[in-house]
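# A look at the structure
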Amino acid sequence: MALSLSSRSFFTSSYKSLSPLKNPFSSFPIRQYRVLFVLDPCKYNNKTTRYKLPRRRSSFTTHASAALQEAPAPNEKIVLPTNESSDGLLRIRHTCAHVMAMAVQKLYPNAKVTIGPWIDNGFYYDFDMEPLTDRDLKRIKKEMDRIISRNLPLVREEVSRDEAQRRIMSVNEPYKIEILESIQEEPITIYHIGDEWWDLCAGPHVETTGKINKKAIELESVAGAYWRGDVKKPMLQRIYGTAWENEDQLKAYLHFKEEAKRRDHRRIGQDLDLFSIQDEAGGGLVFWHPKGAIIRHIIEDTWKKIHMERGYDLLYTPHVAKADLWKISGHLDFYKENMFDQMEIEEELFQLRPMNCPYHVLIYKRQLHSYRDFPIRVAELGTVYRYELSGSLHGLFRVRGFTQDDAHIFCLEDQIKDEIRGVLDLTEEILQQFGFDKYEVNLSTRPEKAVGDDEIWEKATFALKDALEDKGWSYQIDDGGGAFYGPKIDLKIEDALGRKWQCSTIQVDFNLPQRFNITYVDSNQERKRPIMIHRAVLGSLERFFGVLIENYAGDFPLWLSPIQARVLPVTDAQLQYCNEVGKKLKASGIRVEVCSGERLPKLIRNAEKQKIPLMAVVGPKEVETETITVRSRFAGELGNMSIDEFISKTKTASENRTFL
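None of these values were measured; they are calculated from a predicted model.

### Topic: the packing of aromatic side chains
Counted according to the given criterion, the structure contains 16 aromatic pairs. Relative to tryptophan 559, the ring of phenylalanine 434 lies with its centre 5.4 Å away and its plane at 45 degrees, an arrangement referred to as tilted. Highlighted residues: phenylalanine 434 in the loop between α14 (416-433) and β19 (439-444) and tryptophan 559 in the loop between α17 (541-552) and β26 (565-569), separated in sequence by 125 residues. Accessibility assignment for this pair places phenylalanine 434 and tryptophan 559 in one class, buried. What links up through ring pairs into an aromatic cluster is the set Tyr364, Phe374, Phe410 and Tyr520. Positioned above the aromatic ring of tyrosine 124, the side-chain terminus of arginine 238 is 4.2 Å from the ring centre. Over the ring of tryptophan 288 we find arginine 296; its NZ or CZ atom is 4.9 Å from the centre of that ring.

Spelled out as structure tokens, the structure:
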């Protein structure tokens, strides 16, 4: 016997606090269908050189070829339904959670159950029990198969709260008492699997276990999870599973999962020596290595250039401030659980900043402004610090210190629409620079926990809607998903695998100007309050870098690659000339390194592994003619050319964001 939390109770509490990073696909969008395309391999017309450089397909070709193994015919679409597009799939996944819990308690009678919901690609369940292994998962899956094969009915029953409590206590399930207390709905509903197992639950479920295709289910992993996400509470065993309508869907999902694993930014970051997180320094704190730092420099330069062209002034502000500042801003009331503890300095309390916005308000407030000064646009790449549980930290995606590409616009009411439209245009321009041109847009409205009166919220929400419609972008309403101080537009970018990542956000704020009492002088010499717009395009540099790594699988385009070219001698006799070539390329602004000390085939293989876009091979003939033989990772062998020709072509391709 076991119980699982009502679906509606779970999704209003635990699901939002659950780290999505336990499930590698939790970043998928909520949309009608997820479509995987199996593509024909691309072909390149590679030229032949005297050194017989090994031919290599582009990374895109490699990905497509891998997908063809054990896959349908080329160009066939595999449609993976979502919980939102298929009610039947949602029922299957919810029922699988129950079946898994029943199987666990049959095999491990002392296991205590907690919650067991469906998630984007399957389900999970948390148990208070002994640690599990992969071998245990196989045993549990076999027991699930037996339960499914018995075609047991799922029967709904309504009981009073007192009766539910009596039944829970009779089977000694302490976690369910706490869950029962959190359920507000009456009556309490219970679902039975046959007459052997029952569960506190709101549904929905399939009619019988036989409706589940046991060949379309797989138990994926087991992980530790604190009860209610609280480190002071017991560590539970969380079993993740995936469930689909048929075997073909499961195979497609597993192929997709393998590709996502191959692109994991943590592995690629280590292989390419881009970044690290050092235990000696603490979890969630990112060290940018030289190659990663070069990419960050390129990102920052691109960002700064576009912002300055669009009329923004750049700022730098402190990493700490007096704690009173965060009382004024409201963060201590609404955001305290995400802030680090305060520190005492000379009998005053200071706080590591979780946000940049109060600082920008202080800069605005340093002098009196006229209506003629507006709009005022300020931007900062500001590092902030957020408290995250150690169990939720995940590579670059969930960290404790990160740099936001933060900006704030102070404007008049009649400037709101144009300013937001300008932000949308700027966002589109920056994201396209990095290869992202597919988005999902959400307009988030007033949450339950918020400040400000209805009129203020209506004005802000209307301004966001008006700008989106003027831009011509379609959007979805996220009812109640706004920040505590105002409604917002959230933009998710789509990567090469079709996954969606939250990056850009735009928020109209009538609250902070009031809290900090900032004003301007209007045309009648009266004091009025300006409108404040918060916005970020990349979100955070760390997270965006992780998305970039996974989008390109570490195979960065020429303009973004930390090392654009590697010069390789056939023998050490050509090393002096290679160094001269390297100096000339560096002087021309090309990021280059000279590698030697190994036989040429190994030097080439090493360059391939490091995903270097261009290789310049130098032998006796090249030294004699003062040329190089060039090969591109993306276009194959380019033949022999002069140094000046190579410099010109490389710089042109880099400036135009194209391949060489």
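This is not the end of the story, as more comes after the structure.
### Concerning helix α15 (residues 454-471)
Along its 18 residues, α15 runs 26 Å from first to last C-alpha, staying within 8% of the 26 Å computed at 1.5 Å per residue. By the burial criterion, the buried members of α15 are Trp457, Ala460, Thr461, Ala463, Leu464, Ala467, Leu468 and Lys471. Viewed end-on, α15 has its buried residues packed into an arc of 150 degrees, placing them on one side of the element. Across from the buried face of α15, at angles greater than 90 degrees, the exposed residues are Asp454, Glu458, Phe462 and Glu469. Turning to α15, the residues buried within the fold contact α14, β19, β21 (488-494) and β22 (500-509). Of the residues trailing α15, glycine 472 is marked for its positive phi of about 85 degrees.

### Considerations on the side chain of lysine 291
Counting through the fold element by element, lysine 291 comes out in helix α10 (residues 290-309). For the buried lysine 291, no salt bridge is present, and the opposite-charge side chain at shortest range is glutamate 593, 4.6 Å distant. Setting aside its immediate chain neighbours within four residues, lysine 291 contacts Leu272, Asp273, Leu274, Pro562, Ile563 and Gln610.

### Thoughts on the nonpolar core
The tendency in soluble globular proteins is for nonpolar side chains to be buried as a group. In this structure, Ile420 and Phe544 are the most contacted members of the largest nonpolar core, which totals 61 residues. Each residue touching isoleucine 420, except ones within four places of it in the same chain, is listed here: Ala463, Leu464, Ala467, Ile489, Ile506, Val508 and Ile533. By size, the runner-up hydrophobic cluster in this structure holds 32 residues, among which are Cys96, Met102, Ala111 and Ile212.

### Focus on the pattern of salt bridges
On inspection of all chains with the given rule, the structure shows 49 salt bridges. In this structure, the salt-bridge partner of lysine 417 is aspartate 470, at a minimum N-O distance of 3.9 Å. Here lysine 417, found in helix α14, pairs with aspartate 470, found in helix α15; they are 53 residues apart in sequence, far enough to count as distant. One continuous salt-bridge network, built from bridges that share partners, spans Lys417, Arg421, Asp425, Glu428, Asp466, Asp470 and Lys471.

Calculation notes
- Residues numbered from 1 in each chain as written.
- Predicted model: local features only at pLDDT ≥ 70, side-chain atom pairs only at ≥ 80, totals over all residues.
- Heavy atoms only, no water.
- Phe/Tyr/Trp six-rings, centres within 6.5 Å; stacked < 30°, edge-to-face > 60°.
- Helix = DSSP H or I, 4+ residues; strand = E, 2+ residues; numbered from the N terminus.
- Buried < 20%, exposed > 50% of the residue type's maximum accessible area, 1.4 Å probe, protein only.
- Lys NZ or Arg CZ within 6 Å of the ring centre and 35° of its normal.
- Expected span 1.5 Å × (residues − 1).
- Arc of directions from axis to C-beta.
- Contact = heavy atoms within 4.5 Å.
- Lys, Arg positive; Asp, Glu negative; His and termini not counted.
- Salt bridge = Lys/Arg side-chain N within 4 Å of Asp/Glu carboxyl O.
- Core = buried A, V, L, I, M, F, W, Y, C linked by side-chain atoms within 4.5 Å.

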